[in-house]
Amino acid sequence: GDSVTQMEGPVTLSEEAFLTINCTYTATGYPSLFWYVQYPGEGLQLLLKATKADDKGSNKGFEATYRKETTSFHLEKGSVQVSDSAVYFCALSAQAGTALIFGKGTTLSVSS
Amino acid sequence: DGGITQSPKYLFRKEGQNVTLSCEQNLNHDAMYWYRQDPGQGLRLIYYSQIVNDFQKGDIAEGYSVSREKKESFPLTVTSAQKNPTAFYLCASSIGGSSGANVLTFGAGSRLTVL
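Here is a short report on the structure shown in this document.

Rules used in this analysis
Residues numbered from 1 in each chain as written. Chains lettered and ligands numbered in written order. Predicted model: local features only at pLDDT ≥ 70, side-chain atom pairs only at ≥ 80, totals over all residues. Heavy atoms only, no water. Helix = DSSP H or I, 4+ residues; strand = E, 2+ residues; numbered from the N terminus. Rg over C-alpha atoms; globule rule 2.2 N^0.38 Å. Buried < 20%, exposed > 50% of the residue type's maximum accessible area, 1.4 Å probe, protein only. Contact = heavy atoms within 4.5 Å. Phe/Tyr/Trp six-rings, centres within 6.5 Å; stacked < 30°, edge-to-face > 60°. Lys NZ or Arg CZ within 6 Å of the ring centre and 35° of its normal. Pairing = 2+ DSSP bridges. Axes fitted to C-alpha atoms, helices over the stretch in contact; angles between N-to-C directions. Buried area = accessible area lost by both parts, 1.4 Å probe. Salt bridge = Lys/Arg side-chain N within 4 Å of Asp/Glu carboxyl O. Polar contact = N/O pair within 3.5 Å; in protein donor to acceptor, adjacent residues only side chain to side chain. Nonpolar A, V, L, I, M, F, W, Y, C, P; charged D, E, K, R; others polar. 1 Å grid on protein atoms, 1.4 Å probe; cavity = no way out; pocket = protein on both sides within 12 Å on 5 of 7 lines; lining within 4 Å. Points joined across faces, edges and corners; volume = space filled by probe spheres on them.

**Overview of the overall build of chain B**
A tally of helices and strands in chain B yields zero helices and eleven strands. The order of α-helices and β-strands along chain B, N terminus first, is β-β-β-β-β-β-β-β-β-β-β. Against the 2.2 N^0.38 benchmark of 13 Å for 115 residues, chain B shows a C-alpha radius of gyration of 13 Å, consistent with a compact globule. Seen through its principal axes, chain B has C-alpha atoms that stretch 40 × 30 × 30 Å. Looking at the 115 residues of chain B, the share that counts as buried comes to 46%. Partitioning the contacts of chain B with sequence separation of at least 6, the portion at a separation of at least 24 is 52%.

**Quick word on the packing of aromatic side chains**
Summed over all chains, the structure comprises twelve aromatic pairs over all chains. When the ring of Y47 of chain B is compared with that of F55 of chain B, the centres are 5.9 Å apart and the planes differ by 80°; the resulting orientation is edge-to-face. You can call Y47 of chain B buried: its relative accessible area is 8%. Aromatic rings pair up to connect F34, Y36, F89 and F102 of chain A together with Y35 and F106 of chain B into one cluster. Against the face of F74 of chain B rests R68 of chain B, its NZ or CZ located 6.0 Å from the ring centre.

**Side note on the sheet that holds strand β1 (residues 4-7) of chain B**
Residue and element names in this part refer to chain B. Taken together, four strands build an open sheet; the order of strands is β1-β3-β8-β7 and the sheet is antiparallel. Taken across any chain shown, the strands that pair with only one partner, and hence form the sheet edges, are β1 and β7 (64-66). Averaged over all pairs of adjacent strands, the angle between their axes in this sheet comes to 20°, without regard to strand direction.

**Comments concerning the interface of chain B and chain A**
Taken together, the contacts link 23 residues of chain B with 21 residues of chain A. Around 1,600 Å² of area is buried between chain B and chain A when both sides are counted, 59% of it from carbon and sulfur atoms. At the surface where chain B touches chain A, the tally comes to zero salt bridges. There are five residue pairs in polar contact (both at pLDDT 80 or more) connecting chain B and chain A. Going through the elements one at a time, β4 (31-38), β5 (42-51) and β9 (87-94) of chain B are the ones with two or more residues in the side of chain B that touches chain A. Across the side of chain B that touches chain A, the residue classes tally to eleven nonpolar, eleven polar and one charged.

**Regarding the layout of surface pockets**
Of the volumes computed, that of the largest pocket is approximately 510 Å³. The set of elements that each furnish at least two residues to the lining of the largest pocket consists of β1 (3-6) and β10 (86-93) of chain A together with β4 and β9 of chain B. A per-class count over the lining of the largest pocket returns ten nonpolar, eleven polar and five charged. Reported here for the second largest pocket is a volume of approximately 310 Å³. In terms of lining residues, the second largest pocket is bounded by 19 residues, among which A99, L100 and I101 of chain A together with L45 and D59 of chain B are the most central. Contributions of two or more residues to the lining of the second largest pocket are made by β1 and β11 (101-102) of chain A together with β5 of chain B. The biggest single contributor to the lining of the second largest pocket is β5 of chain B, with four residues. A class-by-class count of the residues in the lining of the second largest pocket yields ten nonpolar, four polar and five charged.

Structural data, given as structure tokens:
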């Protein structure tokens, strides 16, 4: 079945470091892809999305490109801040109107 | 402001008791979802509903029940048949339908602890 695999954490970085969180997926057809972020004790918030191959989603300095040839949607940020410390989830929607399938999440910790 | 309200935020119950978690949305969304979050396991789908008076089981529906009598409400009951109910429960909603990316909006979650 459809699935999402993310790199395991925790990821620990210093402020202003470059961030990459890897995400690959398995799906039939052409899924939509998402990154969500969860701050401690809260629900998830949509960070960015891409709906077709080669689309780039971006928000708050984060970017991810939908790569169909490698079935990947890696999250990147050029310079992280302490406030970016959170858990990041990669997700896919195999068909419009269906529930999202989530990866296990990657914890990011940024120190000053 | 539109959003999703989950209550209670924290809930403690004894083993063998049924508990009901509330989820209300004022976004006029057709679809609603319940996910369970456990450390290191990500989010797993319990139930979802794409329209009033209809719902489908997700990957881990055993020991849970839901109802969807109103568009804005999707309560989740954790029954005594659920063997390990201690977890963080997240409710979400989306516009629904069969077009466009299925963007979910989440509530703040309910943490259930069984003593």
